[in-house]
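Geometric and topological summary
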Amino acid sequence: MDRPAAADEGVFKTVVAPATREHPRNGEGDIVLLKDRRLMLVYSRFNAGATADDSPAEICRRYSPDLGKTWTGDEVLIPNDAMNLMSVSLLRLQNGEIMLVFGRRVSNGDLRFHARFSTDEGKAW
């Protein structure tokens, strides 16, 4: 007897950016599908001692060649030059560019959002 297809067939769970002693917390992130069919994840990676939302964080990225089953190691995309970098979002624009938006928190009273654009699938911003 054939088994009916499950509603979630092909769905799997994985930890994409696990916490480590050096980076005990990973935060907000987003994923975009690149033209070569890889996934690119961009997210906030908090540094050692991170205990709160205002702890130091930088923006890192990882790639998956197999639609999320496996991921490359971290690559620092934007080093922390403020209190922290946070709230990362990616958007594929109609013209094919990728837009990266993130918050740069200088103090608890000064959070500004920045946008960067890539015309080469995230290699340069």
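Scroll up for the structure.
Description of the structure in this document.

Scoring rules and cut-offs
- Residues numbered from 1 in each chain as written.
- Predicted model: local features only at pLDDT ≥ 70, side-chain atom pairs only at ≥ 80, totals over all residues.
- Heavy atoms only, no water.
- Salt bridge = Lys/Arg side-chain N within 4 Å of Asp/Glu carboxyl O.
- Helix = DSSP H or I, 4+ residues; strand = E, 2+ residues; numbered from the N terminus.
- Buried < 20%, exposed > 50% of the residue type's maximum accessible area, 1.4 Å probe, protein only.
- Core = buried A, V, L, I, M, F, W, Y, C linked by side-chain atoms within 4.5 Å.

1. Digging into the pattern of salt bridges
Inspection of every chain in the model, using the stated rule, returns eight salt bridges. Across the pair aspartate 74 and arginine 45 runs a salt bridge whose closest N-O atoms are separated by 3.0 Å. With aspartate 74 in the loop between strand E3 (57-64) and strand E4 (75-78) and arginine 45 in strand E2 (residues 39-46), the pair connects residues that are 29 residues apart, well separated along the chain. Residue classification places aspartate 74 among the partly exposed positions, given a relative accessible area of 33%. With its nearest N and O atoms 2.5 Å apart, the salt bridge here joins aspartate 74 to arginine 62. In this pair, aspartate 74 sits in the loop between E3 and E4 while arginine 62 sits in strand E3, placing the two residues twelve residues apart along the sequence. Residue arginine 62 is classed as buried on the basis of its relative accessible area of 12%. Within this structure, Arg45, Glu58, Arg62 and Asp74 form a network of salt bridges that share partners.

2. Digging into the nonpolar core
Judged by nonpolar contacts, the single largest core of 14 residues is most densely connected at Met40, Val42, Ile59, Ile78, Leu90, Leu100 and Phe102. By size, the runner-up hydrophobic cluster in this structure holds six residues, among which are Ala17, Leu41, Cys60 and Trp71.

3. So, unusual backbone geometry
The phi torsion of most residues other than glycine is negative, and most of the peptide bonds are trans. Even without glycine at this site, arginine 37 takes up a positive phi of about 80°. When you line up the elements, arginine 37 lands in the loop between strand E1 (25-33) and E2. Look at arginine 37 and you get exposed, because its relative accessible area is 52%. Look at serine 87: it is not a glycine, yet its phi comes out positive at around 50°. Tracing the chain through its elements places serine 87 in strand E5 (residues 84-92). Owing to a relative accessible area of 24%, serine 87 belongs among the partly exposed residues under this scheme.

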